[in-house]
Amino acid sequence: MKSHSLKYLRLVAAALCLAVAIVLFADFSGTTARYLAAFAKMQFVPALLAVNFLVLLFLIALTLIFGRLYCSVLCPLGITQDLIAWFRRVFSKKTKRRIGLHRYQQPNKAWRYGFLALFAILFVGGLASLIPMSYAGLLDPYSIFGRITAQSVVPAWRTLADSAASSLADKGIYPFASIPSAYAVVSYTVSAIAVISFIAIAVFAWRTGRGYCNTVCPVGTILGFLSRFSLLKPVIDTDKCNRCGSCGRKCKSSCIDTKNHVIDYSRCVVCMDCINNCSQGAISYRIARKAQKAEKGSGIDKGRRTFIIGTSIAAGTLASAAAGKVTDGGLAPLKQKQRRKGLIPAVPAGAISLQHFRNHCTACQLCVSQCPNEVLKPGISLDGFMQPVMTFTDGFCRPECTRCGQVCPTGAIKPIDTAEKSSIKTGSAKVDLSICISAAYGQKCGSCARHCPADAISMVKGENGNLRPTVDESRCIGCGACEYHCPSGTVGQLRADHAAIYVDGLRTHQTV
């Protein structure tokens, strides 16, 4: 295949990957959870956390053969930056587009290695249970993309889908059985961080092309070390080059030193723009045996061997640490209720324990977007920053649903089947008899007992002769059906803001 054709092949592949990434967040039917969840698990940081050696070996091999193809094809945040850079070209003057919007820049090693060191510290701190892994997720490109998509694309799409479904329903056509609320995924805290992240990345992309990838992104820096030794690279043929400088001025990674005929392969994302922009055919994508020799006199990253060795040791340490952590341990109308404070956060079955969940979740919000019952909500506490927890104000965790475990790319929620889920206890139901409309006011209710899928709640007579709910701890699995269906505060004299029966999470899940 000719080098010029490779750019268009890359563009098609990148467009497909971006579409899959967006659909994976936006789809509420569960179809993508079954067939496309593997894409999320192919992202670098999630694969590292899940200790998915096959994916890591694939990504390393991909980089050693083709260069940083991951950054231009598989990483949705990288593709998003390319789109922003493309819009800049479209809205620029023709003269600037013809000359080129970029210039060669020396790599900013201090910032690159500084952000990589910060990420490593946060990553190890997350695995060591010192902080939630979501702090490291602030620098993970896939998690950044996930938060941006979950807080913008998903609510907009659900609003449009709901409007369309309502319009068609008036005509007797029912395309969707159930569309989750557009606001189910929205969190002010996560939205604010998503907006700030998008603005920062957009400014980088608009002004510097791939400056964010080559200055801030830890994945870009790690893969940049490996890409120096890739088998295939864009190579400049000095016999054909007329030194027009077009390739350097149109390189969005600003990595082509046209004066010295040198390409900084640690920053090249293999976009193929230089090949298509060279009128002399002086750049080709081929095996580059002499590429490392050509770099020696360029003054680019002279201490690269030291950094490569150091990074390899650090990467090995991180992977080993991750491996050690993997096995760690009503008929009455309802009203909007508030979640009680001071409870242990409940996390989904498959999370093993609250600590395991916090050690692995990067807060990408994919499970929140995929939850069909509006149970998973982003947390706002500092000890679980942005990480989803189960809240039962808008729904309950249905025993037949295992979607969050299917899509989780980091191993924070392990995939389980419905039989396993029905035997996992994630929390315990507690009763506040003082606001129970049956126990305190003698009104006929029993909504919690009727809706309990585990038959763990029964109504018995209390000392005052009123029926009150009791919970069989050996059967309760903490699904939250009782809390969601509790009509407390909607009838009689009671005006409570909380449910009379509620779920307190377990720090370590149990088997019932």
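So, how was this worked out
Residues numbered from 1 in each chain as written. Predicted model: local features only at pLDDT ≥ 70, side-chain atom pairs only at ≥ 80, totals over all residues. Heavy atoms only, no water. Helix = DSSP H or I, 4+ residues; strand = E, 2+ residues; numbered from the N terminus. Buried < 20%, exposed > 50% of the residue type's maximum accessible area, 1.4 Å probe, protein only. Areas by Shrake-Rupley, 256 points an atom, 1.4 Å probe, with all protein chains shown as cover. Disulfide = S-S within 2.5 Å. Core = buried A, V, L, I, M, F, W, Y, C linked by side-chain atoms within 4.5 Å. Contact = heavy atoms within 4.5 Å. Salt bridge = Lys/Arg side-chain N within 4 Å of Asp/Glu carboxyl O. Phe/Tyr/Trp six-rings, centres within 6.5 Å; stacked < 30°, edge-to-face > 60°. Pairing = 2+ DSSP bridges. Axes fitted to C-alpha atoms, helices over the stretch in contact; angles between N-to-C directions. Parallel < 35°, antiparallel > 145°, perpendicular 65-115°, else oblique. Left-handed = near helix turned anticlockwise from the far one by under 90°.

Novice: Quick one: what's the story with the overall build of the protein chain, residue by residue and with numbers?
Specialist: A tally of helices and strands in the protein chain yields 22 helices and 10 strands. Within the protein chain, the proportion of its 512 residues that are buried is 54%. When the accessible area of the protein chain is evaluated, it comes to approximately 23,000 Å², of which 61% is carbon and sulfur surface.

Novice: Account for the state of the cysteines, naming residues and giving values.
Specialist: Counted by the stated rule, this structure contains zero disulfides. Cys 436 takes part in no disulfide bond, and the closest cysteine sulfur to it belongs to Cys 445, at a distance of 6.5 Å. Look at Cys 436 and you get buried, because its relative accessible area is 7%.

Novice: I'd like a rundown of the nonpolar core, residues and numbers included.
Specialist: One finds Phe 44, Tyr 70 and Leu 366 to be the most contacted residues of the largest nonpolar core, which totals 76 residues. Among the elements that line this core, the one with the most residues is helix 9 (residues 109-127), at seven residues. Contact partners of Tyr 70, with chain neighbours within four places excluded, come to Met 42, Gln 43, Phe 44, Leu 59, Leu 62, Cys 75, Val 219 and Leu 223.

Novice: Before we move on, could you go through the pattern of salt bridges and cite the residues and values that matter?
Specialist: Inspection of the entire model under this criterion finds 12 salt bridges. In this structure, Asp 82 and Arg 210 form a salt bridge, with 3.0 Å as the shortest nitrogen-oxygen distance. Here Arg 210 lies in the loop between helix 11 (188-208) and helix 12 (218-227) and Asp 82 lies in helix 7 (residues 76-91), a separation of 128 residues in the sequence. Of the two residues examined, Asp 82 and Arg 210, each falls in the buried class. Asp 432 is the partner of Arg 340 in a salt bridge, and the nearest nitrogen-oxygen pair spans 3.2 Å. Placement of Arg 340 in the loop between helix 16 (304-325) and helix 17 (354-360) and of Asp 432 in the loop between strand 7 (424-431) and helix 21 (447-451) is noted, with a sequence separation of 92 residues between them. Note on Arg 340: relative accessible area 18%, which makes it buried.

Novice: So what's going on with the packing of aromatic side chains? Residues and values would help.
Specialist: Scanning all chains against the criterion turns up 11 aromatic pairs. Ring centres 5.8 Å apart and planes at 25° place the aromatic pair Trp 111 and Phe 115 in the stacked group. Of this pair, Trp 111 and Phe 115 are both found in helix 9, four residues apart, which corresponds to roughly one turn of the helix. For the ring pair Phe 119 and Phe 123, a centre distance of 5.7 Å and an interplane angle of 45° mean the geometry is tilted.

Novice: I'd like a description of the pairing of strand 7, backed by residues and values.
Specialist: The side chains of a regular strand alternate between both faces of the sheet. By the criterion of burial, strand 7 is predominantly enclosed, with six of the eight residues buried. Summarising the sheet, strand 7 and strand 10 (residues 501-511) pair through seven bridges and their orientation is antiparallel. The residue of strand 10 that forms the bridge with Val 431 is Ile 501.

Novice: Give me unusual backbone geometry: which residues, what numbers.
Specialist: A positive phi angle, near 50°, is found at Val 51, a position not held by glycine. As for its placement among the helices and strands, Val 51 is situated in the loop between helix 4 (44-49) and helix 5 (53-66). When its relative accessible area of 15% is taken as the criterion, Val 51 is described as buried. Positive phi is not limited to glycine here, since His 261 has a value of about 55°. One can find His 261 in the loop between strand 2 (256-257) and strand 3 (262-263).

Novice: Please provide a residue-by-residue account of helix 12, values included.
Specialist: In terms of burial, helix 12 is largely enclosed, as nine of its 10 residues are buried. Inspection of helix 12 places Pro 218, Val 219, Gly 220, Thr 221, Ile 222, Leu 223, Gly 224, Phe 225 and Ser 227 among the buried residues, and these make up the whole buried set.

Novice: Explain the environment of Cys 479 to me, using residue names and the numbers behind them.
Specialist: Along the chain, the position of Cys 479 falls in the loop between strand 9 (467-471) and helix 22 (481-485). Taking relative accessible area as the criterion, Cys 479 reaches 10% and is therefore assigned buried. Placed 27 residues apart in sequence, Cys 479 and Cys 452 show a C-alpha to C-alpha distance of 8.5 Å. Excluding residues that lie within four positions of it along the chain, Cys 479 makes contacts with Phe 392, Phe 396, Cys 397 and Pro 453.

Novice: For the environment of Phe 66, give the residues involved together with the corresponding values.
Specialist: Among the secondary structure elements, Phe 66 is positioned in helix 5. Each C-alpha atom, one on Phe 66 and one on Lys 233, is 6.9 Å from the other, the two residues being 167 residues apart in sequence. Apart from the residues within four sequence positions on either side, Phe 66 is in contact with Ser 230, Leu 232, Val 270 and Tyr 285.

Novice: Explain the packing of helix 5 against helix 12 to me, using residue names and the numbers behind them.
Specialist: A pair of packed helices is characterised by two quantities: the angle between their axes and the separation of those axes. Two numbers describe how helix 5 lies on helix 12: the axes approach to 8 Å, and their chain directions differ by 50°. Between helix 5 and helix 12, the angle is such that the two are oblique. Relative to helix 12, helix 5 is oriented so that their crossing is right-handed. The segment helix 5 lies against helix 12, with Ile 60, Thr 63 and Leu 64 engaging Leu 223, Leu 226 and Ser 227.

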